[in-house]
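# Observations on chain architecture
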Amino acid sequence: MTDPHGFLKFPRRPVPARPVEERLRDWNEVYAGQATLPLVSEQAGRCMDCGIPFCHSGCPLGNLIPEWNAYARRADWRAAAERLHATNNFPEFTGRLCPAPCEDACVLTINADPVTIKNVEQAIADQSWERGYASPRPPERLSGKTVAVVGSGPAGLAAAQQLTRIGHTVAVYERADRIGGLLRYGIPAFKMEKCHLDRRIEQMRAEGTVFRTGVDIGSDLDAAELAERHDAVVVAVGARGQRELPVPGRELRGIHQAMDYLTLANRVTEGDFETSAVTAEGKRVVIIGGGDTGSDCMGTALRQGASSVVQLDINPEPGDTRRDGEPWPVYPKVYRISHAHEEARGREGADPRVFASATLRFEGDPTGQVQALRLAEVEPEGRRPRPGTERGIPADLVLLALGFHGPEQGTGLMRQLGLRLDDRGNFARDDGFGARTAERTRPDGIFIAGDAGRGQSLVVWAIAEGRSAAAATDRYLSGSTVLPAPIAPQDRPLVA
Ligand SMILES: Cc1cc2nc3c(=O)[nH]c(=O)nc-3n(C[C@H](O)[C@H](O)[C@H](O)COP(=O)(O)OP(=O)(O)OC[C@H]3O[C@@H](n4cnc5c(N)ncnc54)[C@H](O)[C@@H]3O)c2cc1C
Ligand code: SF4
């Protein structure tokens with residue numbers, strides 16, 4: 001058990017971020033090197049070991065939070081690492097990247113500050129690597145069955161690791177030149193340095209998972225043939241269909257999809273190029289879209305030396321506290337300041353966000369380069385532009401961070417496997433993660449995992465999807481399974 005008086009003795013003290021001026025000069029993690037273990041143990045000791053740990057309700061993985069808090073408090077990092085890995089293949093990813101719905105669901109949140117669950121998770125995960133507790137776990141015996149996993153984001157990786165460890169022979173096919181999905185080319189290094197991803201991939205290779213990069217299934221290799229050659233296929237291709245902004249002037253130079261921009265910037269940090277072909281250096285940058293992708297564009301633009309940054313959000317500005325319709329323990333829509341917003345505020349002295357605004361059109365110079373956009377305030381209901389509020393803001397670089405509408409459509413992969421879309425635009429599947437195809441409601445051995453079946457989501461949900469789809473695949477191959485299935489396809493986060 002944790003310290004019964006810990007939450008009374010110690011206030012919440014999160015791991016501090018590096019100073020803004022320092023971190024804007026490099027691409028290293030915002031929180032790099034700051035976690036001192038005594039601080040982590042003290043903060044883990046604030047956990048009350050609740051009889052009903054509501055923190056669990058926020059975590060799709062079912063992370064055993066009070067258990068590893070108790071071990072972290074006693075600095076028993078080996079036992080903490082064992083408990084953490086019991087439910088999560090990649091806690092060093094979630095410890096860095098998760099928005100931590102578990103903290104909003106923590107019982108302490110009712111009238112105090114929650115346990116710093118995310119910091120504790122990251123520290124245990126890092127200790128696990130530093131102390132050699134994360135050694136490869138190859139299977140004791142092989143089943144003789146083969147599985148192809150299409151896509152190497154967190155869902156594909158989690159499915160592949162679970163299926164390899166249980167004894168199946170797994171090959172991961174990835175169309176990009178490196179493994180990792182959005183962890184590699186979407187999420188910037190200042191949120192998670194790529195060495196953490198590389199280390200896991202090495203561990204997985206040592207366990208027996210085979211990786212094939214540069215293979216677009218459905219184009220370079222026929223998907224039906226792939227399914228013929230394997231006993232099962234897990235499709236984990238993400239939700240990469242990008243939303244567009246079809247307003248006048250969209251064709252102007254200097255307007256890019258966020259993912260194109262972030263991929264190039266990530267390739268620079270990978271060492272592929274000296275500088276990005278689309279850089280914000282010296283430019284007035286406008287980011288359209290108020291979510292995390294927009295915030296990642298902002299952090300990237302600031303590090304590239306943007307002369308100014310503005311982020312437009314069509315939603316109204318949220319309040320500082322939970323609204324009536326957002327009771328604890330749901331994840332509330334409150335005003336949050338990401339580290340990129342903090343960096344912009346530090347540099348420009350004001351919050352870079354403009355809420356409740358919609359872009360009406362872009363304006364360009366005679367050469368076809370964007371130089372401004374026109375926007376208007378929108379009504380909270382219906383998001384219609386409010387008459388008389390139109391104004392212009394200068395823009396040399398515009399980044400569209402409007403989210404994703406689901407998996408890419410009309411691809412060879414879809415056609416060759418006969419995959420169908422559900423009414424939300426994701427790959428249709430049954431309640432056992434099996435694909436619903438054009439011909440049959442339950443084709444043999446094709447499973448859907450991650451954003452491809454769930455829609456745009458979070459790393460923690462992708463890992464939970466991968467684990468659950470692996471359990472379904474193993475049951476299909478072996479008749480039964482001991483693999484855990486933390487979620488069902490229809491489970492949804494507790495959000496307002
Ligand atoms: C910019 C950005 C920042 C984000 N930041 C966070 C964050 O901080 N925290 C968080 O929790 N979530 C974040 N997310 C969301 C999170 O990254 C995703 O929910 C998660 O990566 C989904 O995992 P996935 O494995 O389903 O798909 P993906 O990560 O998208 O991986 C799918 C993979 O499939 C490959 N692929 C596609 N088609 C084929 C094919 N035909 N053949 C072979 N390979 C194929 C793709 O190349 C890709 O590598 C962010 C998303 C974006 C876009
Ligand atoms: S809800 Fe908070 S205090 Fe209770 S067990 Fe979970 S982390 Fe600990």
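Just above sits the structure.
Residues numbered from 1 in each chain as written. Chains lettered and ligands numbered in written order. Predicted model: local features only at pLDDT ≥ 70, side-chain atom pairs only at ≥ 80, totals over all residues. Heavy atoms only, no water.

## Section: the pairing of strand 7 (residues 284–288)
The condition that has to hold: Accessible area is worked out with a 1.4 Å probe on protein chains only. A residue is then buried under 20% of its type maximum, exposed over 50%, and partly exposed in between. Under the scheme used here, helices are H or I runs from DSSP no shorter than 4 residues and strands are E runs no shorter than 2 residues, and both carry numbers assigned from the N terminus. Being paired, for any two strands, means DSSP has found at least two bridges between them. By convention, orient the strands away from the viewer: a clockwise path from the first strand over the helix to the second makes the crossover right-handed.
Judged by how many residues are buried, strand 7 sits mostly within the fold: four of five residues are covered. Pairing of strand 7 with strand 8 (residues 308–312) involves five bridges; the strand directions are parallel. Following the sheet pairing, isoleucine 288 is matched in strand 8 by leucine 312. Once you follow strand 7 into helix 14 (residues 292–304) and on to strand 8, the crossover reads as right-handed. Two elements, strand 7 and strand 13 (residues 397–400), share four bridges in a ladder whose sense is parallel. Across the sheet, valine 285 pairs through a bridge with leucine 397, a residue of strand 13.

## So, helix 9 (residues 154–165)
Quick note on the threshold: Helix span is expected to be 1.5 Å times the residue number reduced by one.
Under the 1.5 Å per step criterion, the end-to-end length of helix 9 is 16 Å for twelve residues, consistent within 8% with the ideal 16 Å. Summarising burial for helix 9: twelve of the twelve residues are buried, a large majority.

## Digging into the layout of surface pockets
The following threshold applies: With a 1 Å grid spanning the protein atoms alone, the term cavity applies to any set of points in which a 1.4 Å probe fits but cannot get out, the term pocket to an open set with protein on both sides within 12 Å along at least five of seven lines, and the term lining residue to any residue with an atom within 4 Å of a point. Grid points are joined across faces, edges and corners, and a volume is the space filled by probe spheres set on the points. Residues are grouped as follows: Ala, Val, Leu, Ile, Met, Phe, Trp, Tyr, Cys and Pro are nonpolar; Asp, Glu, Lys and Arg are charged; every other residue, Gly included, is polar. Throughout, the edges of the domains are those of an automatic or database domain assignment.
A volume near 460 Å³ is recorded for the second largest pocket. Surrounding the second largest pocket, 24 residues form its lining, Glu82, His85, Ala86, Arg137 and Arg165 being those nearest its centre. Those elements that provide at least two residues to the lining of the second largest pocket are helix 5 (77–85), helix 9 and helix 11 (195–207). Here the lining of the second largest pocket takes four residues from helix 5, the largest share from any one element. Tallied by class, residues from the lining of the second largest pocket come to ten nonpolar, eight polar and six charged. Both of domain 1 (6–130) and domain 2 (146–240 + 406–478) provide at least three residues apiece to the lining of the second largest pocket.

## Quick notes on empty space enclosed by the protein
Over the atoms rolls a probe the size of a water molecule, and its path tells where empty space is left. Under the criterion given, the structure shown has four cavities of 30 Å³ or more. Taken as a whole, the largest cavity spans an internal volume of roughly 120 Å³. Every element with two or more residues in the lining of the largest cavity is listed here: helix 7 (101–105) and helix 8 (117–130). In terms of residue count, the dominant contributor to the lining of the largest cavity is helix 8 (three residues). A per-class count over the lining of the largest cavity returns ten nonpolar, four polar and two charged. Residue contributions to the lining of the second largest cavity peak at three residues, all from helix 4 (residues 65–73).

## Focus: unusual backbone geometry
Note that the residue after tryptophan 328, namely proline 329, is joined by a cis bond; omega there is 10°. Looking at the element boundaries, proline 329 is found in the loop between strand 8 and helix 15 (339–348). Positive phi values are uncommon outside glycine, yet alanine 75 reaches one of about 60°. Considering the arrangement of structural elements, one finds alanine 75 in the loop between helix 4 and helix 5. Under the relative-accessibility criterion, alanine 75 is labelled partly exposed at 41%. In this structure, phenylalanine 433 takes a positive phi of about 70° despite not being glycine. Here phenylalanine 433 is to be found in the loop between helix 16 (412–417) and strand 15 (446–448). Overall, phenylalanine 433 belongs to the buried group, its relative accessible area being 3%.

## Section: the sheet that holds strand 9 (residues 353–354)
Remark on secondary structure: sheet strands pair via backbone hydrogen bonds, oriented parallel or antiparallel. This is how the line gets drawn: Only heavy atoms matter for contacts: two residues are in contact if any of them lie within 4.5 Å across the pair. Axis definition: a line fitted to C-alpha atoms, over the contacting stretch in the case of helices. Angles run 0 to 180 degrees between N-to-C directions.
Here five strands make up an open sheet; going across it, the order is 6-13-7-8-9 and the pairing parallel. Edge strands, defined here as strands with exactly one partner in the open sheet, are strand 6 (255–257) and strand 9. As paired strands, strand 6 and strand 13 are joined by three bridges and run parallel to one another. In the sheet register, glutamine 257 faces strand 13, and the bridge partner there is leucine 400. The strands touched by helix 13 (residues 258–269) are strand 6 and strand 13; relative to strand 6, the strand with the most contacts, the crossing angle is about 80°.

Keep in mind these values describe shape, not function.
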